[in-house]
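# Survey of secondary and tertiary structure
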Amino acid sequence: MESILIKTAQLLLSLSILVVLHEAGHFMFARLFNTRVEKFYLFFDPWFSLFKTKKGDTEYGIGWLPLGGYVKISGMIDESMDKEAMKLPPQPYEFRAKPAWQRLLIMVGGVLMNFIFAMVIYIGVLYAWGEQYLPTENVKYGIVVNEQGEQLGFKTGDKILTVDNVYIEQFNRIVPTIVLDGAKTVQVERDGQKIDVEITGEDLALLLKSKSIWDERIPYDINIGKLAKDYPAALAGLQVGDILGAVDGKSFAFYDEFTNYLSSKAGSEIIMELTRNGQAINKTIKVNEEGKLGFNPAFNSPDVFEYKTIKYGFFESIPAGIDRGVQTTINYLKQFKLIFNKETKGYESLGGFATIGNIFAPTWDWGHFWNMTAFISIILAIMNLLPIPALDGGHVMFLLGEIITGRKPGEKFLEYAQIAGMVLLLGLVLYANANDIIKMINGTF
C-alpha cells in the first residue's frame, strides 16, 4: 500500500508540473500576441473549483478533476464550447481575430514547452547523477528467463551477444531494441555455441504484453536480507545476515536454481544449512504454498556485475541531454507502428493512469522521478500533436490548411469537429483504463 501511495504521489506531482508548463506555453504565446486568456487552470473545474483567483483579465485556479488542465483563450472554440461568445463580432483581443501564423504559434506553444522542458530535465539529470548502466558483455553468467522468455526461444544460461548481429551496449536496451526495431533474430551463446533465436510478429506481440522476459543470472552467494513478517523464514527464526548454504543436502551454483527448488517444494518442509556468526546451524522450514520463504536476498558479492558510470560536466551534459531527448522521442514514435499493427496487436497494450503511475519507483528517488517526468513530457507533446480535433494537433491541422489554402474553416464546422474529437478522446481514455482494469483482474498488471 505504501508503494502505491508513493507512486500515486509521484504521478500527480509529475503531471501537475507538466500540465502547468504545457498550458504556460499556450499562455505565453497568447500574451505575446495580445490575446486575452480568460482562464488558466490546473485540472478541470466542472461546476466548481478548489481554488481560484483573478489577476487582470485571467482567472487562475485549480480544479477538482485531475485529468489535465487548460487555458481558455477568448474567441477560440475549445473544450469549453462557449458558443454564445462566438456569436458576437470578433474583438481585436480574441484568438479568431489574429493572423493564422500567430494562432498557429499559440497552439504549438504547449507542445514546444513540453519538448524543451524534457531536454532541460535530461540535461539536469545527466549533470547531477550522470549515467550508469550494465554493459551487455558484463552479464557474464547469462540470463534467467521466465515462461514468456522460454516461449520466445530463450533459455536460462543464454548469454546475449547481438540483436540482428548488432551489439547493444546497454543490457537494459536489448528488449526495447527488439521491439522498436522489429528485430528478426537475437544471437546468443548457449553451451559454448552461437545460436540464432528467431523473432516473429507473434513474438513481438508477446513482448509488448510482457513486463519482462529475463533477468541477469546471479551466483548463489547470498545471505538473508529483510525478513517479511509472518512468513516461513521469520517464523523459523532466520535472522538478517544468515549465510545460506545447501538445502536438503543440495548445493546450488546460481540463485535461480535455489528459487526453482523452493517452488518444487511448495507446501513441504526443507532443511536449510546456514552460517550465523561463523557457526554452522540447520533450520527446518516449511515452504509456503507459493514456494516462498519470505526474505529479501542480500548478495555477498554486490560487485558481481561491473556497471559502467559516465559523469558529465555542465557543458558536456547539454548535448548529451538533448541527444537523450531526441532518442527518446524517436523511440516513442516507433511505438505507433506497433499500436496499429494487426500482427503485434499493440493496441492491446495501451494503458491508462495505472500504467503510467506504475513506471515510477515504489520508493521516492528524485533521479528516477525526473527521468520519468521527462519521458512523460515527451509523451504529452507527441500525443497532443496527433491530428485529432480537441487536441492541439487538431487545431494545428486546421490552421495549416488555412495557411495553405487561404480559407478559414467555418465556426460551425470547428464546433462539430471539437465535439467529435472530445468523444474520440473520451473513448480512448476509457479504453486505455479498461485495459488496466482487465490486467489487474487477470493478475498481469
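Residue positions within a chain follow its written sequence, with the count starting from 1. Local features are withheld for residues below a pLDDT of 70 in this predicted model, meaning they are given only at 70 or higher, and side-chain atom pairs are given and counted only at 80 or more; totals for whole chains, interfaces and linings count all residues. To get the side-chain values, all heavy atoms of the structure are used, and hydrogens and water are removed first.

## Side note on the sheet that holds strand S5 (residues 159–163)
Paired strands are those between which DSSP finds at least two bridges. Counting from the N terminus, the helices are DSSP H or I runs at least four residues long and the strands are E runs at least two residues long. Within the open sheet, the three strands sit side by side as S5-S6-S7. Their pairing is antiparallel. Both outer strands of the open sheet, S5 and strand S7 (193–198), are each paired with one neighbouring strand and no more. For this sheet, the mean inter-axis angle between neighbouring strands, taken without regard to orientation, is 30°. Strand direction decides the pairing type here: S5 and strand S6 (residues 185–190), joined by four bridges, are antiparallel. By the bridge assignment for S6, Lys159 is matched with Glu189. Axis definition: a line fit to C-alpha positions, over the contact stretch in the case of helices; interaxial angles, taken between N-to-C directions, run 0 to 180 degrees.

## Let's talk about the side chain of Asn371
With respect to the secondary-structure elements, Asn371 resides in helix H11 (residues 366–384). Those residues within four positions of Asn371 in sequence are excluded, and the remaining contacts are Tyr122, Val125 and Arg324. Here, residues are in contact when the closest pair of their heavy atoms is within 4.5 Å.

## Overview of the packing of aromatic side chains
Aromatic pairs are defined between Phe, Tyr and Trp rings, using the six-membered ring for Trp, whenever the two ring centres lie within 6.5 Å; interplanar angles under 30 degrees are classed as stacked, those over 60 as edge-to-face, and all others as tilted. Counted according to the given criterion, the structure contains 26 aromatic pairs. With 5.8 Å between their ring centres and 65° between their planes, Tyr141 and Phe254 make a pair best called edge-to-face. One end of the pair, Tyr141, is in the loop between strand S3 (131–133) and strand S4 (143–145); the other, Phe254, is in the loop between strand S10 (243–247) and helix H8 (255–264), with 113 residues separating them in the sequence. You can call Tyr141 partly exposed: its relative accessible area is 29%. For every residue, the accessible area (1.4 Å probe, protein chains only) is compared with the maximum for its type, and the residue is labelled buried under 20%, exposed over 50%, or partly exposed between those bounds. For Phe254, a relative accessible area of 17% translates into the label buried.

## As for unusual backbone geometry
One non-glycine residue, Phe43, adopts positive backbone phi at about 70°. Even without being a glycine, Asp164 presents a positive backbone phi close to 50°. Take Asp164: it is sitting in the loop between S5 and helix H5 (174–180). Using a relative accessible area of 32% as the deciding quantity, one classes Asp164 as partly exposed.

## Section: the side chain of Thr373
Assignment of secondary structure puts Thr373 in helix H11. With relative accessibility at 0%, the residue Thr373 sits in the buried group. Within polar-contact distance, the side chain of Thr373 engages the side chain of Ser14 at 3.1 Å. In terms of polar contacts, Thr373 uses its side chain to reach the backbone carbonyl oxygen of Phe369, at 2.9 Å. In this structure Thr373 touches Ser14, Leu18, Phe117 and Ile121, once residues within four positions along its chain are discounted. Within 3.5 Å is the distance limit for a polar contact, defined as a pair of N or O atoms, with the added protein rule that one can donate a hydrogen and the other accept it, and that residues adjacent in sequence qualify only through two side-chain atoms.

Taken by themselves, the reported measurements are silent on function.
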